[in-house]
Amino acid sequence: MEIKGQAWKYGDDIDTDVIIPARYLNTSDPAELAKYCLKDLDEDFVTKMNEGDLIVAAKNFGCGSSREHAPLAIKAAGVSCVIAKSFARIFYRNAINIGLPILESVEAAEKIEEGDEIEVDIDSGEINNLSKDEVYQAEPFPEFMQELITAGGLINYVSRKVDSNE
Amino acid sequence: MGMTIAEKILAAHTEKDEVKAGELINAQLDIVLGNDVTTPVAIKEFNKIGLTEVFDKEKVVIVPDHFTPNKDINSANQAKFIREFAEAQELVNYFEIGKMGIEHCLLPEQGLVLPGDVIIGADSHTCTYGALGAFATGVGSTDMAAGMATGEAWFKVPESIKFIYQGELNPWVSGKDLILYTIGDIGVDGALYKAMEFTGEVIENLSMDQRFTMSNMAIEAGGKCGLIAPDQTTIDYVEERAERDYTLYESDADAEYEEVIEYDVSEIEPQVAFPHLPENTKGISEVGEVEIDQAVIGSCTNGRIEDLRIAAEVLEGKQVADNLRLIILPGTQEISKQAMREGLFEIFIDAGAAVSTPTCGPCLGGHMGILAKGERAIATTNRNFVGRMGDPESEVYLSNPAVAAASAIKGKIVSPEEVI
């Protein structure tokens, strides 16, 4: 899967209420949720971004509510990857479970500037900053999580397990 | 090396005798929980797995509490979708409006969550049940779906941080203030991925209601769970409710902690968390002049009977400030009945407060008290993020019920001592 696009930068503690405000949670349709992605943080985000762009944030991205609508909205909006110094744990689980690529890298989060052209190899965790000609290495995923990612998310993984038990 | 309470509970739900922090495990689940916002996504994912039945009709619990009684057509459609699923699956523990309460007030009250359990809930405040000595943590809808299918979930066994609370509590200081103070100290990611363990003489003397409040907000420090070792207070609470066996665990004396943090509570006054993070705490004496338009008393954090009693104590014989809305949301129908029996509703209504049926409502900006642009609320809820209770340009200040009630009377944030 190719991950390549422009970086949009945000700060610390971006919570799931600003990623997708609760007033839009009366639906679970990803296309509908995508319209309001990051609305209370950066009102024009979905109109100014292009398919494939990346979100680059600081620490504790996705804190707060467990709403899976948050990674769903980001994914459906066309964001190809979220890079952060750290992720809140429920968001981290949810992103892996639904197949939204995420990477932890303090160096990338600090050095990437808004507008930089970024290319990511999700398997190796290599983050290539094409604008600055720099390469950053993300934290590797534990083996089990790599299995989940390779399987295409938790539901595929569980479906295979259920099938093999039958 | 000994084990922490978190490690012991998790180990007991695997085939292993012992687990260690950092290990990835698959654990058996005692309860899988969802609400009306998270369950629709979970049902769609569950259906993709290809199973016709959930793993256990008694262990899957669904509580439509967020946008109910339904606030609009879309949320009514979502509620209908999960109601039909609950009917088709013959779920024993689906709670319809009228029997429903705020999930984290309701499950302990109904004896559905017990000491020693492993619980996942598609709601971040599932960590509330740590107050009973259960390993309980919030997950997303897909984890809920997998849990409904298999009765299992994967976990990374968390490192633990031990918090020791010593000393004498000051007047009007409650479990809410202890947890706000703690979050103010360690920050909103101070316990990221970790188990928080609340200990010390102060915790031993806290009521169950106040313990629930503390464990409830572990997630606001990034915690995976907020555990309190069960004791006689816990046993007294669960004994009259439990319909199955339960197990009491406590950490070994030589258990390993990533960090041990001690607080002298005699230095802690009632806390107020300023916008827009729960870590922005100040003691009530440092708040200054903050006028408010609305006060909210309720939620999974502070919607229990003891919270209502404290609010009533402050409000009795007083009047809510002109043009201020005080909204009180009891956590469950049982709590409502108890409050009625004790005459608390009469006190609230005489003071000029609106009393609601149980709902998460305004806490997450759903309904029942949304803020307009530029408005400010004090709330006993758990989050004060941008736009949390309404317009992105509104503000939420978090406090305990006594401070919220006193502030409703004065129209600005004040200590209960200013009205009593």
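Residues numbered from 1 in each chain as written. Chains lettered and ligands numbered in written order. Predicted model: local features only at pLDDT ≥ 70, side-chain atom pairs only at ≥ 80, totals over all residues. Heavy atoms only, no water.

K.L.:
Could you give me a rundown of the pattern of salt bridges, with the residues and numbers involved?
P.N.:
Counted by the stated rule, this structure contains 32 salt bridges over all chains. For Asp13(A), the salt bridge goes to Lys59(A), with nearest N and O atoms at 3.0 Å. In this pair, Asp13(A) is assigned in the loop between strand 1 (3–9) and helix 1 (16–19) and Lys59(A) in the loop between strand 2 (54–57) and helix 4 (69–76), connecting sequence segments 46 residues apart. A relative accessible area of 8% means that Asp13(A) is categorised as buried. A salt bridge links Arg211(B) to Asp231(B), with the nearest nitrogen and oxygen atoms 2.8 Å apart. Of this pair, Arg211(B) sits in helix 8 (residues 208–216) while Asp231(B) sits in the loop between strand 10 (225–227) and helix 9 (232–239), placing them 20 residues apart in sequence. Relative accessible area serves as the criterion here: at 23%, Asp231(B) is assigned to the partly exposed category. (Salt bridge = Lys/Arg side-chain N within 4 Å of Asp/Glu carboxyl O. Helix = DSSP H or I, 4+ residues; strand = E, 2+ residues; numbered from the N terminus. Buried < 20%, exposed > 50% of the residue type's maximum accessible area, 1.4 Å probe, protein only.)

K.L.:
Can you lay out the packing of helix 7 (residues 143–151) of chain A against helix 8 (residues 154–165) of chain A for me, pointing to particular residues and giving the numbers?
P.N.:
All names here are of chain A. Look at helix 7 against helix 8: their axes get within 7 Å of each other, and the N-to-C directions meet at 95 degrees. What the angle tells us is that helix 7 and helix 8 run roughly perpendicular. On helix 8, the residues that touch Phe-144, Glu-147, Leu-148 and Ala-151 of helix 7 are Leu-154, Asn-156, Tyr-157 and Arg-160. In terms of residue class, the contact of helix 7 with helix 8 is built from five nonpolar, one polar and two charged. (Axes fitted to C-alpha atoms, helices over the stretch in contact; angles between N-to-C directions. Parallel < 35°, antiparallel > 145°, perpendicular 65-115°, else oblique. Contact = heavy atoms within 4.5 Å. Nonpolar A, V, L, I, M, F, W, Y, C, P; charged D, E, K, R; others polar.)

K.L.:
Give a description of the state of the cysteines that names residues and reports values.
P.N.:
Under the definition given, this model contains zero disulfides over all chains. Its sulfur unpaired, Cys81(A) is 14 Å from the next cysteine sulfur, which belongs to Cys37(A). Note on Cys225(B): no disulfide assigned, nearest cysteine sulfur contributed by Cys127(B) at a separation of 8.1 Å. Residue classification places Cys225(B) among the buried residues on the basis of a relative accessible area of 0%. (Disulfide = S-S within 2.5 Å.)

K.L.:
Explain the side chain of Asn97(A) residue by residue, including any values.
P.N.:
Within the secondary structure, Asn97(A) is located in helix 5 (residues 89–98). Excluding residues that lie within four positions of it along the chain, Asn97(A) makes contacts with Leu148(A), Gly153(A), Leu154(A), Thr142(B), Asp143(B) and Trp154(B).

K.L.:
I'd like to hear about the domain arrangement of chain B, residue by residue, with values.
P.N.:
Many authors give the size of an interface as the accessible area that is lost as the parts come together. All names here are of chain B. Taken domain by domain, chain B consists of domain 1 (5–262) and domain 2 (271–418). For domain 1 versus domain 2, the separation of C-alpha centres amounts to 24 Å. Facing the 38 residues of domain 1 at the interface are 40 residues of domain 2. Summing both sides of the interface, domain 1 and domain 2 together bury roughly 3,200 Å²; the carbon and sulfur share of this comes to 60%. (Domains from an automatic or database assignment. Buried area = accessible area lost by both parts, 1.4 Å probe.)

K.L.:
Talk me through the interface of chain B and chain A; I want residue IDs and the actual numbers.
P.N.:
Between chain B and chain A, the residue contacts involve 50 residues of the former and 43 residues of the latter. Summed over the shared surface of chain B and chain A, the number is four salt bridges. Two residues, Asp143(B) and Arg93(A), come together in a salt bridge whose shortest N-O distance is 2.7 Å. Of all elements in the fold, only strand 1 (24–28), helix 2 (39–49), helix 3 (73–88), strand 6 (135–138), helix 5 (141–150) and strand 7 (152–156) of chain B reach the threshold of two or more residues within the side of chain B that touches chain A. For the side of chain B that touches chain A, the residue count by class is 23 nonpolar, 15 polar and twelve charged.

K.L.:
Outline the environment of Asp231(B), supporting the account with residue identities and numerical values.
P.N.:
Residues and elements named next belong to chain B. Considered as a pair, Asp-231 and Ala-221 are ten residues apart in the sequence and their alpha carbons are 25 Å apart. The residues touching Asp-231, leaving out its near neighbours within four places in the chain, are Glu-204 and Arg-211. Here the side chain of Asp-231 touches Arg-211 through a polar contact of 2.8 Å, side chain to side chain. (Polar contact = N/O pair within 3.5 Å; in protein donor to acceptor, adjacent residues only side chain to side chain.)

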